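A look at the structure
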Amino acid sequence: VRLPARTGQDMSPHLPLPLSSLRLRLRLWLLVTVFFVSLIHAPSASSFVLVQRTSTTRTIRTCRSTLTFHPTHFTTTLQMSADQKQEEQSSHADEDAAAAGTAAAGTTDTVGFIGCGTIAAAIAEGLATQSSVPIAHICVSRRSESKSSALAARFPALVTVTDRNQDVVDRCDVVFVCVLPEQTAEVLRSLAFDPARHTVVSLVATATLAGLAAATALPPGRIYKCICLPAVARHEGVCLVAPRAAGGGGGRLLPLFRSLGGVVEASDERQMSAMMVPSALMAPLYGMLKQSRDWLTTNGGPGLTQSDASYLVGRMFWGMMQDAERKCTEDGAFEELIAEQTPGGLNEQALRNWSDLGALRDLDRVQDALFDRIAGRTDGSLRTEE
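For clarity, every value in this text was computed on a predicted model and none was experimentally measured. (Residues numbered from 1 in each chain as written. Predicted model: local features only at pLDDT ≥ 70, side-chain atom pairs only at ≥ 80, totals over all residues. Heavy atoms only, no water.)

Considering helix 10 (residues 282-299)
If you check helix 10, its first and last C-alpha atoms are 26 Å apart, about what 18 residues at 1.5 Å a residue would give, namely 26 Å. Buried residues in helix 10 make contact with helix 11 (306-327). Of the residues one or two after helix 10, G301 is the one with positive phi, at around 95°. (Helix = DSSP H or I, 4+ residues; strand = E, 2+ residues; numbered from the N terminus. Expected span 1.5 Å × (residues − 1). Contact = heavy atoms within 4.5 Å.)

Quick look at the structure:
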């Protein structure tokens with residue numbers, strides 16, 4: 001099997017343009033010139049999507065416009081009424097002023113990590129490489145040593161590594177707790193926090209706000225839970241946080257989370273527990289990719305290497321997820337994508353077979369079990385069907 005070179009370039013033939021007349025050439029030149037001038041003079045913006053969810057709106061900021069999604073409609077800044085524009089500008093001005101005030105007070109520029117596993121290292125990398133929030137210092141505990149050492153080697157002027165968790169607390173205003181669930185209470189009780197200075201963000205999935213408050217002796221507004229995936233290292237993820245980070249110690253968190261790709265604020269801890277479940281489907285998704293790749297290498301013939309099969313499966317799924325991401329702010333988006341499948345085609349057949357086998361129902365059972373574990377009701381084992 002000979003696959004095209006994996007350059008990402010368009011493999012379509014280049015068709016000659018009918019530019020025989022001087023007038024047509026001049027028009028094309030003018031269009032190209034106007035296009036590039038518009039790019040040069042367009043307002044600068046981040047290359048990633050920023051998401052903020054409040055009780056009534058979710059704002060998606062893209063490179064060229066801001067879309068404000070309400071429960072029943074959405075408008076763009078190019079089509080807003082005067083009142084909507086004023087409200088939007090006022091909201092953004094308040095956010096920018098709050099962020100500026102926080103930065104001036106020096107409350108967002110020192111960030112620490114107690115525990116340095118995959119997610120902690122991803123957040124640290126994302127903060128070290130973003131440019132929207134000034135970060136003066138990142139301090140990480142040594143474990144795991146491979147990840148902490150890699151961060152220090154890559155960002156020697158910004159990242160320091162320490163063997164003592166208390167050093168992380170003493171040197172930083174915002175402290176991310178990234179230890180194993182069974183270690184959380186013991187680790188936090190051994191540390192001395194300043195209620196007037198520190199904000200603690202727990203990435204421990206099963207930790208509760210009440211348990212974190214008891215272990216740290218910090219007041220409400222200084223303790224938060226957060227869940228994110230490794231894509232935040234590239235500013236492409238989204239941070240799920242509870243409670244809503246408005247005012248108090250939370251005011252310093254929103255700019256940090258936005259710089260990692262976006263933030264969704266859960267209304268309360270129970271809602272966050274449910275919203276955490278999709279984040280636990282990362283491993284099942286990778287398992288599905290592996291299963292598809294292994295099937296392909298078995299059935300694709302001797303000329304198909306595992307590398308080629310991995311590339312094909314990965315790129316196909318990436319294309320599917322791009323379509324899903326582009327529509328994810330619309331009601332009924334996934335139903336629409338399903339309806340787009342060719343009637344009687346392979347995709348419609350595959351979904352029907354999955355449904356007939358009970359795979360979709362089984363996915364709900366998996367999610368129910370994860371929800372039970374996060375809420376502390378069970379150990380996450382599957383419920384016995386009656």
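A short note on the nonpolar core
The biggest cluster of nonpolar side chains holds 37 residues, and the ones touching the most others in it are F113, I123, I138, F176 and F257. For this core, the elements supplying multiple residues, two or more each, are strand 5 (110-114), helix 3 (118-129), strand 6 (137-141), strand 8 (174-177), strand 10 (223-227), strand 11 (239-242) and helix 8 (253-259). Contact partners of F113, with chain neighbours within four places excluded, come to A120, I123, A124, L127, I138, C139, V140, S141, V168, F176 and C178. (Core = buried A, V, L, I, M, F, W, Y, C linked by side-chain atoms within 4.5 Å. Buried < 20%, exposed > 50% of the residue type's maximum accessible area, 1.4 Å probe, protein only.)

Re the pattern of salt bridges
When charged atoms on two side chains of opposite charge get close, those side chains can pair. Inspection of every chain in the model, using the stated rule, returns 14 salt bridges. E269 is the partner of K225 in a salt bridge, and the nearest nitrogen-oxygen pair spans 3.8 Å. Of the two residues, K225 sits in strand 10 while E269 sits in helix 9 (residues 269-276), which places them 44 residues apart along the sequence. Residue classification places E269 among the partly exposed positions, given a relative accessible area of 23%. Put simply, K327 and E336 hold a salt bridge, and the shortest N to O gap is 2.9 Å. With a relative accessible area of 18%, K327 lands in the buried category. Given a relative accessible area of 33%, E336 falls into the partly exposed group. Salt bridges linked by common partners bring K290, R293 and D294 together as one network. (Salt bridge = Lys/Arg side-chain N within 4 Å of Asp/Glu carboxyl O.)

Remarks on the packing of aromatic side chains
This structure, assessed with the given rule, holds one aromatic pair. Aromatic pair F113 and F176: ring centres 5.0 Å apart, planes at 10°, arrangement stacked. Here F113 is found in strand 5, whereas its partner F176 is found in strand 8, with 63 residues between them in sequence. Here the two residues F113 and F176 agree in accessibility, since each one is buried. Above the ring of F371, the side-chain terminus of R377 is found at 5.0 Å from the ring centroid. (Phe/Tyr/Trp six-rings, centres within 6.5 Å; stacked < 30°, edge-to-face > 60°. Lys NZ or Arg CZ within 6 Å of the ring centre and 35° of its normal.)

Considering the sheet that holds strand 9 (residues 199-202)
Neighbouring strands of a sheet are bound in pairs by backbone hydrogen bonds; such pairs are parallel or else antiparallel. Here we have eight strands laid out as an open sheet, ordered 7-6-5-8-9-10-11-12, and mixed in their pairing. Two strands lie at the open edges of the sheet, namely strand 7 (159-162) and strand 12 (263-265), each paired on one side alone. Averaged over neighbouring strand pairs, the angle between their axes works out to 25° when direction is ignored. Relative to strand 9, strand 8 is paired through four bridges, and the arrangement is parallel. Looking at the pairing, V177 lines up with S202 of strand 9. Sheet strands touched by helix 4 (residues 145-154): strand 6 and strand 7. Its angle to strand 7, the strand with the most contacts, is close to 145°. Against the sheet, helix 9 makes contact with strand 10, strand 11 and strand 12, and its axis sits at roughly 20° relative to strand 10, the strand it touches most. (Pairing = 2+ DSSP bridges. Axes fitted to C-alpha atoms, helices over the stretch in contact; angles between N-to-C directions.)

Concerning the side chain of T110
Structurally, T110 can be placed in strand 5. Look at T110 and you get buried, because its relative accessible area is 12%. Residues in contact with T110, not counting those within four places in the same chain, are H137, R171, C172, D173 and V174.

Quick look at a nonpolar patch on the surface
Together, M288, I338, L351, W354 and L360 make up a nonpolar patch on the protein surface, roughly 430 Å² of accessible area in all. Position of I338 among the secondary structure elements: in helix 12 (residues 333-339). Residue classification places I338 among the partly exposed residues on the basis of a relative accessible area of 48%. (Patch = residues over 30% accessible without salt bridge, like charges linked within 9 Å, V, L, I, M, F, W, Y side chains within 5 Å. Areas by Shrake-Rupley, 256 points an atom, 1.4 Å probe, with all protein chains shown as cover.)

Things to note about the environment of R377
Mapped onto the elements of the fold, R377 is located in the segment after helix 14 (359-374). If sequence neighbours within four positions are ignored, R377 has contacts with F371 and D372.

Section: the state of the cysteines
Counted according to the given criterion, the structure contains zero disulfides. You can see C228 has no disulfide; the closest cysteine sulfur is in C239, sitting 4.6 Å from it. (Disulfide = S-S within 2.5 Å.)

Description of the confidence of the model for the chain
Overall, the predicted model of the chain reaches an average pLDDT of 78, with 71% of residues at or above 70. Confidence drops under a pLDDT of 50 for residues 24-93, and excluding neighbours within four residues, the segment shows 91 contacts in the predicted structure. Long-range and interchain partners of residues 95-108, a stretch whose pLDDT sits below 50, account for 19 contacts in this model, where long-range means more than four residues apart. (pLDDT = per-residue confidence, 0-100.)

Comments concerning the pairing of strand 8
What you see with strand 8 is no split at all: V174 and F176 on one side and V175 and V177 on the other are buried throughout. Relative to strand 8, strand 5 runs parallel, the two being bridged by four bridges. Within strand 8, the residue paired with G112 across the bridge is V175. Regarding the hand of the β-α-β motif, the stretch spanning strand 8, helix 6 (residues 184-189) and strand 9 is right-handed. (Right-handed = clockwise from strand over helix to strand, strands pointing away.)

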